[in-house]
Amino acid sequence: MALLITKKCINCDMCEPECPNQAISMGDSIYQIDVDRCTQCIGHYETPTCQQVCPIVNTIIVDPAHIESEEQLWDKFVQLHHADKI
């Protein structure tokens, strides 16, 4: 399940540097998450760091358009960070 930054985003710049997958970048008006890079921090942390540092509750949510299992997220993590060892 990739995460989604909603319109509640105030562009506080807290989430982008926290993402271990470099999945967060500035969009047209608010930050956005690249679904191909978001693993919900699986392989790095127990919970998504972007959600932990966001000062506005429920601004970063599970993207209902990109539902993935924990196994799929783990596979994505391996591809992003350990593809040279596969």
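It should be noted that the structure appears before, not after, this text.
Please read these numbers as outputs of a predicted model, since none were measured by experiment. Per-chain numbering applies: the sequence of each chain, read as written, is numbered from 1 onward. Only residues with pLDDT of 70 or above have their local features reported here, since the model is predicted, and side-chain atom pairs are shown and tallied only from 80 upward, although totals for entire chains, interfaces and linings are computed over all residues. To get the side-chain values, all heavy atoms of the structure are used, and hydrogens and water are removed first.

Asks: Could you give me a rundown of the overall build of the protein, with the residues and numbers involved?
Replies: Labels follow the DSSP assignment, with helices taken as runs of H or I lasting at least four residues and strands as runs of E lasting at least two, numbered in each case from the N terminus. Across its full length, the protein carries two helices and four strands. Going from N to C terminus, the protein has its helices and strands arranged as β-β-β-α-β-α. The C-alpha radius of gyration computed for the protein amounts to 13 Å, which stays within 12% of the reference 12 Å derived for 86 residues, consistent with globular compactness. Considering only C-alpha atoms, the protein reaches an extent of 40 × 25 × 25 Å along its principal axes. Working definition: with a 1.4 Å probe on protein chains only, accessible area under 20% of the residue-type maximum means buried, over 50% means exposed, and in between means partly exposed. Buried positions account for 34% of the 86 residues belonging to the protein. Computed over 5 positive and 13 negative side-chain charges, the inter-centroid distance for the protein is 4 Å. Only the C-alpha atoms count toward the radius of gyration. The rule for a globule is 2.2 Å times the residue count to the power 0.38. We score Asp and Glu as negative and Lys and Arg as positive, and we do not count His or the chain ends. Taken as the charge location is NZ of Lys, CZ of Arg, CG of Asp or CD of Glu.

Asks: How would you explain the packing of aromatic side chains if you had to name every residue and give the values?
Replies: How two aromatic rings sit relative to each other is set out by the distance from centre to centre and by the angle between their planes. Two aromatic rings from Phe, Tyr or Trp, using only the six-membered ring of Trp, form a pair when their centres are within 6.5 Å; if the ring planes differ by under 30 degrees the pair is stacked, by over 60 it is edge-to-face, and anything between is tilted. This structure, assessed with the given rule, holds one aromatic pair. Seen from their ring centres, Trp 74 and Phe 77 are 5.0 Å apart, and the 40° between their planes marks the pair as tilted. You can see Trp 74 and its partner Phe 77 sitting in helix H2 (residues 70-82), three residues apart, about one turn around the helix. For Trp 74, a relative accessible area of 43% translates into the label partly exposed.

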